[in-house]
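Given next are the chains, with one letter for each unit.
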Amino acid sequence: MDYQICFESFRKNFALPDLLSVQQLKQVDGRYLKVLLLLFQNPDRHYTSDLLSSLLELPESVVEDALRYLARHGAVTLKDQPAAPGPAPVISGGEVRPRVAADDEELRFLLSSMESILNRPVNSTDIQEVIQIYESYRLPADVIIMAMQFCAGQGHSDIRYIKKVCYSWYQRGINDHHKADDYLQQLARRQSLEGQIRALFGANQRQLIPSEQECLDRWLEMGYDLDVFRLAYERTVKHTGKPAIAYANRILQNWKQKGYRTLQDIQTGEPERGSTGGAKGRSSYDLDSLDRFWDEVPDYPNSKGGGAG
């Protein structure tokens, strides 16, 4: 197979030291090289073994083995020795808390805001985790505060949950106040629409089964307004006698495949049977086929009525 180097990709590049012989490259675990590449891609970033594990989706034990291997070959230096004594810790409420650098007002403000946001006492573990988020993910304090407020509003004040959310934001590039605000507004609109759809289909008082949740997740990616889902609901009930999510999913998928984007598009291109105008009263989906499909679908929890109507 012939290949050609793509020099366009070299506009952003980094150098690697000549550490390993050809024989060593043949034998080295490929996962170790992933760790090496990530370290050299961002040499000014502070990585911990658990952060590397999360970023590369590798077991932390493998990451630690990789770091020891790289240290033996002079690529990295492991800080196994105890750190030099620093400022004395602050003792408050029986908890030992690390003293924050006096010149980092942003971090000081972040740590001082934690208890009021989470509405609970914070301990040294909470503080260490937040400092790691701040230093490793390079998220500004106000963005971390917004993530904490979002998690607390969802009933999650556990620092491990908050760390996962911050990591998700880091991966999505949500790294300033404006991006975080836009994302939270988008998320609020999505959650509101999901609640309205669930209520429409009578599923807001029960747990969705996995296949129904998959359908709902796909619907939220379609970009439709609630009035489109209401029409799908009405046609579903008309033809099945029940608010069947699986049946409605077939209808919505067909509308999406036809390129319909609004309620008007659907009503023009696909009126109900017996109506006049638009596509000569024909639907873009085969109702008889849908009825046969519905005959094979079991009843849903808390639903009433039989199969297709």
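Conventions and cut-offs
- Residues numbered from 1 in each chain as written.
- Predicted model: local features only at pLDDT ≥ 70, side-chain atom pairs only at ≥ 80, totals over all residues.
- Heavy atoms only, no water.
- Helix = DSSP H or I, 4+ residues; strand = E, 2+ residues; numbered from the N terminus.
- Expected span 1.5 Å × (residues − 1).
- Buried < 20%, exposed > 50% of the residue type's maximum accessible area, 1.4 Å probe, protein only.
- Axes fitted to C-alpha atoms, helices over the stretch in contact; angles between N-to-C directions.
- Parallel < 35°, antiparallel > 145°, perpendicular 65-115°, else oblique.
- Contact = heavy atoms within 4.5 Å.
- Nonpolar A, V, L, I, M, F, W, Y, C, P; charged D, E, K, R; others polar.
- Left-handed = near helix turned anticlockwise from the far one by under 90°.
- Core = buried A, V, L, I, M, F, W, Y, C linked by side-chain atoms within 4.5 Å.
- Polar contact = N/O pair within 3.5 Å; in protein donor to acceptor, adjacent residues only side chain to side chain.

J.: For helix 12 (residues 245–257), give the residues involved together with the corresponding values.
T.: Helix length check: helix 12 (13 residues) gives 18 Å between terminal C-alpha atoms against 18 Å at 1.5 Å per residue, within 8%. Here helix 12 has its buried residues at Ile245, Ala246, Tyr247, Ala248, Asn249, Ile251, Leu252, Asn254 and Trp255. Once helix 12 finishes, Gly259 follows within two positions and takes phi at roughly 85°, a positive value.

J.: Talk me through the packing of helix 2 (residues 30–41) against helix 4 (residues 60–72); I want residue IDs and the actual numbers.
T.: Running from N to C, helix 2 and helix 4 cross one another at 75°; their axes reach a closest spacing of 9 Å. By the angle between their directions, the pair helix 2 and helix 4 is classed as roughly perpendicular. For the pair helix 2 and helix 4, contact is made by Arg31, Tyr32, Val35, Leu36 and Leu39 and by Val62, Asp65, Ala66, Leu67, Tyr69 and Leu70, respectively. When its residues are assigned to classes, the contact of helix 2 with helix 4 shows nine nonpolar, no polar and two charged.

J.: Residues and numbers for the packing of helix 7 (residues 141–153) against helix 8 (residues 159–172), please.
T.: Following both chains from N to C, one finds helix 7 and helix 8 inclined at 125°, their axes separated by 10 Å at the closest point. Classified by the interaxial angle, the pair formed by helix 7 and helix 8 is oblique. When you trace helix 7 past helix 8, the crossing you get is right-handed. Where helix 7 approaches helix 8, its residues Val143, Ile144, Met146, Ala147, Met148, Phe150 and Cys151 are matched on the opposing element by Tyr161, Ile162, Val165, Cys166 and Trp169. Among the residues forming the contact of helix 7 with helix 8, the class breakdown is 12 nonpolar, no polar and no charged.

J.: With reference to specific residues and values, describe the nonpolar core.
T.: Residues Val35, Leu110 and Trp169 are the most contacted members of the largest nonpolar core, which totals 53 residues. Residue assignment for this core shows that the elements contributing at least two residues are helix 2, helix 3 (49–56), helix 4, helix 5 (105–118), helix 6 (124–136), helix 7, helix 8 and helix 9 (177–200). Of all the elements, helix 7 adds the most residues to this core, at nine residues. Setting aside chain neighbours within four positions, we find Val35 in contact with Leu52, Leu56, Leu58, Ala66, Leu67 and Leu70.

J.: I'd like a description of the side chain of Thr236, backed by residues and values.
T.: Here Thr236 lies in helix 11 (residues 226–240). Residue Thr236 is classed as buried on the basis of its relative accessible area of 0%. Side-chain polar atoms of Thr236 contact the backbone oxygen of Ala232, separated by 2.7 Å.

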